Amino acid sequence: MKTDFLVIGSGIAGLTYALKVAQDCPDKTITILTKAQSDETNTKYAQGGVAGVMDMDHDSFEKHIEDTLIAGDGLCNRKIVEIVVKEGVERIKEIIEWGAKFDKDKEGEYTLGKEGGHSEFRILHHKDVTGKEMERTLLAAIKNKPNINLISHCFVVDIITQHHLGFLVTKATPDIVCYGVYVINMQTNKIEKIISKIILLATGGNGQAYRTTTNPAIATGDGVAMMYRAKGRIENMEFIQFHPTALYEPGIAGQSFLITEAVRGDGAILRNNKGEAFMERYDERKDLAPRDIVARAIDNEMKVAGTEHIFLDCRHMDMEKFVHHFPNIYEKCRSIGIDVSKQMIPVAPAAHYSCGGIKADEWGRTSINNLYACGECASTGLHGANRLASNSLLEAMVFAHRCYLDSVKKVKALTDFPSTGEGRGEAVPDWNAAGTTAPKEMILITQSLKELQLLMSDYVGIVRTNVRLARAMKRLDLLHEETEALYQDTEISPQLCEVRNLITVGYLITKGAQLRHESRGLHFNTDYPYKSDRLQNIVL
Ligand code: FAD
Ligand code: SIN
């Protein structure tokens, strides 16, 4: 199969990009691949909303920029922060034009929420299901574009570079080129190749590397792992954001339900097992301090008391308003027997967001030619050492736009399809499965996944030490060795590829953490408790 533009991922980043390209280039073909149902994305689960300076009377670009820089703890790229904050408003207006509905008051003004680290109310939201509304809008909009072909249940295994043509490719190879991808067609279980002029990685996050996460099962860091295998540049993977308040449900494995930070923005208070409001002991901004500080404070309270959760107290809040703003949370709590007007909600931190990822420049260009990245899988310099709440939907839209501008220019300048004829595409070999046999037992995969999630949570979690990181690395080495053997010998499946990718991501997070000899933002190592004077991005 050949296509002009290939988009991997159907979350906010991939869909926004595809829509823009389709509008600008009605004569070009755009293919979107997604490994699950089209709306099964991190985007769909976003609750709090999208940050943007919509009320210039009370807010300003400077304030949003400053809040982002403070949260990022010295490591944000100021130029990128300015781009995202300033261009973000246009992108928000655009998705509103495409049909996204954000809550308004009786006077027709947007009701803006507040979350940790924000100095102003600036978060547009659709109740507590903002991501679902944005995803719905984008999926509806792409349906009207005849030149977009969305293929669901299609798992991308690897990006194709000169390596697949038989050339030696290393990190030092100056011009690595991406020609396309190998995919598992999950309807037929066949491995196919897709050749494209431009490829966009919009594969989202990697929360599934941890035992508890707010991320759905699709968040397995595939894009980052593929990029690393292709010898592309990855940076700042050690900055994993733990959301302070995932609902604690004993015995429930997999994705944890989020209690949005906007609940604290509306006045909810964190309390420890003695009922004490403890945040004032950690930061003067109390419950609305940036996420790294709140998650660490909760971790400490839990460790001191030996408990598995703390509480979020909403009992003093106006319940009519609560139900209006947070109907989904209210209903979820009710369904498990918690009446939020009378009982506190048990919560604990959970892996939530990857601040690092595929190194991308201000146009979303990666270190590999023809390959762009945006959304959660990319590292643009916006988040630094800790992402400001509700900045990621904004970043995804701004960078989808920028990737679109740059890549369309590139494709329009081409006189011919570069992957046909004498050239590159024809030379790409079919997938070689010779010598592999059907997998005998799934336990080898499922157990490796459990081991990985446990070791990452216990050794590479909110608080790290040199000994824990070294232990994690040893165990990752073994998991890597075993999984590579399985990968070489058996017919590949999405499950095997995901575990393999998560092990790579685990390695990149741990390696980044080992190389960072300081504590900054989301990375806290008790052996290096202070910030270094040297600002450094760790590129692997
Ligand atoms: P995603 O939306 O995750 O999409 C990734 C896509 O890539 C999926 O379609 C997936 O199937 C596809 N994919 C991945 N690997 C492969 C593969 N190998 N082959 C084929 N397809 C593949 N951010 C905010 O700004 N505000 C919020 O209020 C907010 N709340 C959040 C609440 C929760 C519970 C979570 C989990 C996140 C929240 N975030 C929030 C973060 C934000 O939702 C995500 O960072 C953002 O939606 C990521 O968008 P994306 O397009 O990059 O990736
Ligand atoms: C939340 O609603 O608390 C999540 C917001 C975010 O991750 O940006």
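Bear in mind the structure is a predicted one, so any value in this text is a computation, not a measurement.

Draft legend 1. Representation of the site of ligand 1. The environment of ligand 1 is made up of 39 residues, and the closest members are Thr43, Gly49, Asp222, Glu376 and Ser392. Here an oxygen atom of ligand 1 sits 2.7 Å away from a polar atom, N or O, in the side chain of glutamate 376. Between serine 390 and ligand 1, the recorded distance is 3.5 Å, taken from a backbone N or O atom to an oxygen atom. In isolation ligand 1 has 1000 Å² of accessible area, and contact with the protein removes 98% of it. Tallied by class, residues from the shell around ligand 1 come to 15 nonpolar, 19 polar and five charged.

Draft legend 2. The arrangement of the environment of aspartate 313 in detail. Within the fold, aspartate 313 resides in strand 14 (residues 310-313). A relative accessible area of 3% places aspartate 313 in the buried class. For the pair aspartate 313 and arginine 271, spaced 42 residues apart in the sequence, the C-alpha separation amounts to 6.8 Å. Residues contacting aspartate 313, with those up to four places away along its chain left out, are Ala268, Ile269, Arg271 and Met344. A polar atom in the side chain of aspartate 313 sits 2.9 Å from the side chain of arginine 315.

Draft legend 3. Broad picture of the site of ligand 2. What surrounds ligand 2 is the set Gln47, Gly48, Glu115, His243, Leu258, Thr260, Glu261, Arg291, His352, Arg387, Ala389 and Ser390. Histidine 243 places a side-chain nitrogen or oxygen 2.7 Å from an oxygen atom of ligand 2. When the free accessible area of ligand 2 is taken as 260 Å², the share hidden by the protein chains comes to 93%. Of the residues that constitute the shell around ligand 2, the class distribution is two nonpolar, six polar and four charged.

Draft legend 4. Region of the structure containing the state of the cysteines. Tallied over the full model, the rule gives zero disulfides. The thiol of cysteine 25 is not disulfide-bonded; the next cysteine sulfur, from cysteine 403, is found 14 Å away. Under the relative-accessibility criterion, cysteine 25 is labelled buried at 2%. Of the cysteine sulfurs around cysteine 314, a residue in no disulfide, the closest is that of cysteine 333, at 7.6 Å.

Draft legend 5. Just the nonpolar core, in detail. Counting 63 residues, the largest nonpolar core has Ile159, Val181 and Tyr210 as its most contacted members. For this core, the element with the highest residue contribution is helix 15 (residues 494-515), accounting for nine residues. In contact with tyrosine 210, other than residues within four places in its own chain, are Ile240, Phe242, Ala351, Gln453, Met456, Ser457, Val460, Gly461, Arg464 and Ile509. If you look at the next biggest cluster of nonpolar residues, it comprises 53 residues, including Val53, Ile80, Leu124 and Phe399.

Draft legend 6. Inspection of the pattern of salt bridges at higher detail. Within the structure shown, the criterion is met by 38 salt bridges. Residue aspartate 4 pairs with lysine 197 through a salt bridge whose shortest N-O separation is 2.7 Å. A residue pair is termed long-range when its members are at least 10 positions apart, and aspartate 4 in strand 1 (residues 2-8) and lysine 197 in strand 8 (residues 190-201) qualify at 193 residues. The same class applies to aspartate 4 and to lysine 197, which are both buried.

Draft legend 7. Region of the structure containing the side chain of lysine 28. Assignment of secondary structure puts lysine 28 in the loop between helix 1 (12-24) and strand 2 (30-33). Put simply, lysine 28 is tucked away with no salt bridge, and the nearest opposite charge, on aspartate 27, sits 4.1 Å away. Residues within four places of lysine 28 in sequence aside, it is in contact with Asp4, Phe5, Asn147, Lys197 and Val411.

Draft legend 8. Representation of the confidence of the model for the chain in the model. Mean pLDDT for the chain: 94, with 98% of residues reaching 70 or above. Note that pLDDT drops below 50 for residues 419-425; the model gives that stretch 15 contacts with residues more than four away or on any other chain.

Draft legend 9. Structural detail: unusual backbone geometry. Residues other than glycine seldom take positive phi values, yet aspartate 73 does so here, at roughly 55 degrees. Within the element layout of this structure, aspartate 73 appears in the loop between helix 3 (61-71) and helix 4 (78-97). A positive phi angle is found at lysine 127, which is not glycine, with a value near 45 degrees. Among the structural elements, lysine 127 can be located in the loop between strand 4 (123-124) and helix 5 (130-143). Taking relative accessible area as the criterion, lysine 127 reaches 24% and is therefore assigned partly exposed.

What counts and how
Residues numbered from 1 in each chain as written. Chains lettered and ligands numbered in written order. Predicted model: local features only at pLDDT ≥ 70, side-chain atom pairs only at ≥ 80, totals over all residues. Heavy atoms only, no water. Near = heavy atom within 4 Å. Polar contact = N/O pair within 3.5 Å; in protein donor to acceptor, adjacent residues only side chain to side chain. Areas by Shrake-Rupley, 256 points an atom, 1.4 Å probe, with all protein chains shown as cover. Nonpolar A, V, L, I, M, F, W, Y, C, P; charged D, E, K, R; others polar. Helix = DSSP H or I, 4+ residues; strand = E, 2+ residues; numbered from the N terminus. Buried < 20%, exposed > 50% of the residue type's maximum accessible area, 1.4 Å probe, protein only. Contact = heavy atoms within 4.5 Å. Disulfide = S-S within 2.5 Å. Core = buried A, V, L, I, M, F, W, Y, C linked by side-chain atoms within 4.5 Å. Salt bridge = Lys/Arg side-chain N within 4 Å of Asp/Glu carboxyl O. Lys, Arg positive; Asp, Glu negative; His and termini not counted. pLDDT = per-residue confidence, 0-100.

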